[in-house]
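# Structure assessment
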Amino acid sequence: MVKLNIVIGGVGGQGVITMGKMLIRAVKPCYRAISSETHGLAQRGGGVNVHVRMGDVYAPLVPLGTADYVVGLEAIEGLRNIKYASSTSGIFIMNTKIQRPAIPKVSLPTIDDIIRLVKEYIKTVVVIDAEDLALKAGNLKAVNSVLVGTMLSVGKLRDFVDESVLLNSLNEVNRKAVYLGMDNYSVL
Amino acid sequence: MERLLLLGNESIARGALEAGVAVAAGYPGTPSTEVIETLLKERDRYVEWSVNEKVAFETAYGAAISGAYSLVTMKHVGLNVASDALISSSYTGVEGAMVIFSAGDPSMWSSQNEQDNRYYGLMALIPVFEPFDPQSAHDLTVKAFEFSAKVKHPVLLVSNTRVNHSRTWVNVGVKKAPVWGKLNKKPQVYSLVPSVARANREKQLKRWELITEEVKEFNVIEGDGKKLIITAGVGYAYVKELVEDNVRILRLGVSVPLNKEQILKAVDGVDEVLVVEELEPIVETQLKNILFDEDVRLKVHGKDYVPRTGELTFEKVGRAVAKFLGLQLLEFKEPEIKIPDRPPALCPGCPHRSSFIDLKRGIVKGGLNVTFFSGDIGCYSLGVLPPFNVQDSLIEMGSSLGIANGVFRATNTIPVAVIGDSTFFHNGLSGLANAVYNNLPVLIVVLDNRVTAMTGQNPSPSREIEIEEVAKGLGVEFVKWFDPFDLKKSIDVISEATKWVKEKRKPAVIVAKRACALDVLDKINGDLPIAVVDEKKCTGCSICYDFFTCPAITVGDNKKAVIDTSLCIGCGACIPVCPHNAITLKGETPKGWDELWLS
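On to the overall build of chain A. Counting secondary structure elements, chain A contains eight helices and seven strands. Rg of the C-alpha trace for chain A: 15 Å, near the compact-globule value of 16 Å for 188 residues, within the 12% margin. Seen through its C-alpha atoms, chain A measures out along the principal axes to roughly 50 × 35 × 35 Å. In chain A, which comprises 188 residues, the proportion classed as buried is 59%. Restricting the contact set of chain A to residue pairs at least 6 apart, pairs at least 24 apart contribute 69%.

Printed below as a string of structure tokens:
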């Protein structure tokens, strides 16, 4: 039973759903694949997550404690989904951006706080300044493509998706963002 | 065969096209919206966003009794609005085919309740088709149309968020030419005066017998063993991944009604049964009825093992299956981490945020210090959150006016009703007529952002019909509009209206008119201006980020405001809110900017 479980967290409007679509579009034809999204109210600046599953899978949601990847397009939203990560083999990939929730008098953790909290739980933490790299690629909205690039470089995503199919489905800016994401991360 | 990457809802639209749908109508609502959105791209069919679910239902019904193939779509609560027509449609049946798609929202990600609409199938005697993933959603939609045409009866297609909003590769067939109707007058069937209704009732029960017989073909028995799991909807997807083939599974494609013969065959030689279904014990109850009637003594587990509330997850189904099969379950311990909440927020540039600020200041200036904010359903429902606190109740579409009436009659406190433009046309008109008819002193604020915004900027009747004219036509004597970004003028209009209501003891309507920011951004090209904070003028008073709460304004050193340049859209709404005039706009506005906001 081969399976790949991914949970991507972010803030509504960051391209979380598009990122799930990018991955699933490129799944190798020998595997089943399903992604599951939250729409509606959640798109209004709230926390959003997408579950992406590949391999011998039928169910739409990732079981807790089993994800091979937990990805945060925004750092706090990455942390919010840490419960899905496998504590033995899970990889946490985080864009080092914190977006303040639009509620009065909220107190926020720092990036270092988040890294420390995640490290208590899983071994491999990967950080990347995806916003800066997306801008270098030509569009701030390409943060999701940057993170897809990083996922291709760490862990077993490559076993399940066809890189050339993935790259061919993207425009120039997003392709560039994927390449930048492949090379410019740090593993902590 | 073609293979497409489709969302569950896109699969349903595709299935409808392959079945020959000619007329489709719906009202947007998460998680149902993408079906009509997808169908609107087709040129050879008639597809519309109706003003509400009842009208959409009647449209599809009118087409189907004329022999056409029709589809109506809505979210679960929308079927309550259409339920008057729904129940009687089962008495008459249809000539062509009619599929009623209702999308449920267990866990209430985007809804006020998580009602299980399969109950409507039991109540109205309408069969319920229930897919478990996008592929089965596609396949069952085609079959639902065929079945409806065959038994001459409307059919319900009920699925929930994790089917509607899941995406997979789907094998699709060929689109079929639309099946249109022709004029068909049979008042002896379709005009439900009592004598016709009585005759139809007998025929309805006969059709129900036929339907109960015929639904067998949509249900499948897989695997074998002494234990039987009966699944419906997304429950199957979890069970399929969790159990080996030493367990018998009855997968129901139709969960209402159950077929006695098929059930008896499924339980034959079985020691124990587990029913895995989301929300209510619909299958479980029908199953127990059959077993009782047939004197089959069998332990049936259902809602004692599978929770009745919230959507299904691996953990919920896993726990139930482990208990049922006597397996060891590894309970997962969630890490205990404190994380700040991130509730959905009004977008940067949202006119509602400004309207709420204007409203709170305006009514106080008008002398209304204590009121009840009777709210409604839309993006502006987020006004329930701090710092706004301007939605003291909201339970259903159009509730603001009726509830305001009751609150006033009971307390003598003048209420403020807050309703959006799409909701106003959906179900606000009758409440407004009642307010005029019964002389309700109420300040009605219609937040007109020109679209049905919450579901993704779907169109709204407000683009075609002026709300002020409607209000005047219904007899409202005080009708004015304001631009919510213009703080000073807005406060003047609101306070004037408030004083008028207090003095005349009658309803007043004021319309806050400014387009949804997302809709404006969708239509604009070119660079946007951006807000800039003058650090020398900013005192760190926190009004802009703690009391206006635009997501694009964050806190910097010394509590001073900092603009998040990735989120700011340069709308300028924050400028009048700053008491120290510390915020200005930098950069030119793109061409057509003001027109888009205010047209």
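It is worth spelling out the overall build of chain B at this point. Scanning chain B from N- to C-terminus turns up 21 helices and 25 strands. With the C-alpha coordinates of chain B rotated into their principal frame, the extents come out at 80 × 60 × 50 Å. When each of the 599 residues of chain B is scored for burial, the buried share is 54%. Relative to all contacts within chain B whose residues are 6 or more apart in sequence, the contacts with residues 24 or more apart total 77%.

Moving on to the sheet that holds strand 10 (residues 227-232) of chain B. All names here are of chain B. Across the sheet, five strands lie side by side as 9-11-10-13-14; this open sheet has mixed pairing. Two strands bound the open sheet, and with one partner strand each, they are strand 9 (220-222) and strand 14 (299-301). For this sheet, the mean inter-axis angle between neighbouring strands, taken without regard to orientation, is 20°.

A separate point is the interface of chain A and chain B. Contacts between the two partners involve 44 residues from chain A, matched on the other side by 45 residues from chain B. Counting only elements with at least two residues in the side of chain A that touches chain B, the list comes to helix 1 (16-25), strand 2 (32-37) and helix 2 (75-80) of chain A. Top contributing element to the side of chain A that touches chain B by residue count: strand 2 of chain A, with five residues. Along the lines of polarity and charge, the residues of the side of chain A that touches chain B split into 25 nonpolar, 10 polar and nine charged. Alignment of strand 2 of chain A against strand 8 (residues 166-172) of chain B, held across two bridges, turns out to be antiparallel. Bridge pairing in strand 8 of chain B places Ser35 of chain A opposite Arg167 of chain B.

This brings us to the domain arrangement of chain B. Residue and element names in this part refer to chain B. By the assigned domains, chain B splits into domain 1 (2-215), domain 2 (219-325), domain 3 (351-516) and domain 4 (524-598). A straight line from the C-alpha centre of domain 1 to that of domain 2 covers 26 Å. Taken together, the 24 residues of domain 1 in the interface contact 19 residues of domain 2. With four residues, the top contributor of residues to the side of domain 1 that touches domain 2 is helix 5 (residues 118-124). Its residues assigned to classes, the side of domain 1 that touches domain 2 comprises 11 nonpolar, six polar and seven charged.

All names here are of chain B. In the contact formed by helix 15 (residues 399-411) and helix 16 (residues 421-437), the axes pass within 7 Å of each other and the chain directions differ by 30°. As summarised for this structure, helix 15 and helix 16 are arranged roughly parallel, according to the angle between their axes. Residues Leu401, Gly402 and Asn405 of helix 15 form the contact with helix 16, whose own contacting residues are Gly428, Gly431, Leu432, Asn434 and Ala435. Looking at side-chain class alone, the contact of helix 15 with helix 16 contains three nonpolar, five polar and no charged residues.

All names here are of chain B. Most of helix 10 (residues 235-242) sits out of view: six of its eight residues are buried. Buried residues of helix 10: Gly235, Tyr236, Ala237, Tyr238, Val239 and Leu242, and no others. At its buried positions, helix 10 is contacted by strand 10, strand 11 (248-252), strand 13 (272-276) and helix 13 (314-325).

Before going further, it helps to examine the sheet that holds strand 5 (residues 97-104) of chain B. Residue and element names in this part refer to chain B. As summarised here, the arrangement of the seven strands in space is 3-2-4-5-7-6-12, forming an open sheet in which the pairing is mixed. Of all strands in the sheet, those bounded by a partner on one side alone are strand 3 (46-49) and strand 12 (254-256). Both strand 5 and strand 7 (residues 155-160) contribute to a ladder of six bridges, which runs parallel. Bridged to Ser102 within strand 7 is Val158. Strands in contact with helix 3 (residues 53-64) are strand 2 (23-26), strand 4 (69-75) and strand 5; relative to strand 4, the strand with the most contacts, it is inclined by about 165°.

Residue and element names in this part refer to chain A. Among the structural elements, Val173 can be located in helix 8 (residues 172-183). Residues Val173 and Val27, spaced 146 residues apart in sequence, show a C-alpha to C-alpha distance of 22 Å. The residues contacting Val173, other than those within four sequence positions of it, are Ala137, Gly138, Asn139 and Ala142.

Another point: the environment of Val254 of chain B. Residue and element names in this part refer to chain B. Note that Val254 resides in strand 12. Spatially, the C-alpha atoms of Val254 and Val158 are 9.7 Å apart, while their sequence positions differ by 96 residues. Ignoring anything within four residues of it in the chain, the contact list for Val254 reads Pro127, Val128, Phe129, Val215, Phe218 and Asn219.

The rules behind these values
Here the residue numbering is sequential within each chain, running from 1 through the sequence in written order. By the order in which they are written, chains take letters starting at A while ligands take numbers starting at 1. Totals for whole chains, interfaces and linings use all residues, but because this is a predicted model, local features are given only for residues with pLDDT of at least 70 and pairs of side-chain atoms are given and counted only at 80 or more. Working definition: helices are DSSP H or I runs of at least four residues, strands are E runs of at least two. Numbering for both runs from the N terminus. With C-alpha atoms as the basis for the radius of gyration, the globule rule is written as 2.2 Å multiplied by the number of residues raised to the power 0.38. Burial in this document is a count-based property: other C-beta atoms within 10 Å of a residue's C-beta are tallied, and the residue is buried at 20 or more, exposed at 12 or fewer, or partly exposed in between, with C-beta positions derived from the backbone. Residues are treated as contacting if the C-beta atoms built from their backbones sit within 7 Å of each other. Strand pairing is assigned whenever DSSP detects at least two bridges linking the two strands. For helices, the fitted axis covers only the stretch in contact; all axes are lines through C-alpha atoms, and the angles between them, taken along N-to-C directions, range from 0 to 180 degrees. Polarity classes work like this: nonpolar for Ala, Val, Leu, Ile, Met, Phe, Trp, Tyr, Cys and Pro, charged for Asp, Glu, Lys and Arg, and polar for all others, with Gly in that last group. The source of the domain bounds is an automatic or database domain assignment. When an angle is under 35 degrees it counts as roughly parallel; over 145 it counts as roughly antiparallel; between 65 and 115 it counts as roughly perpendicular; any other value is oblique.

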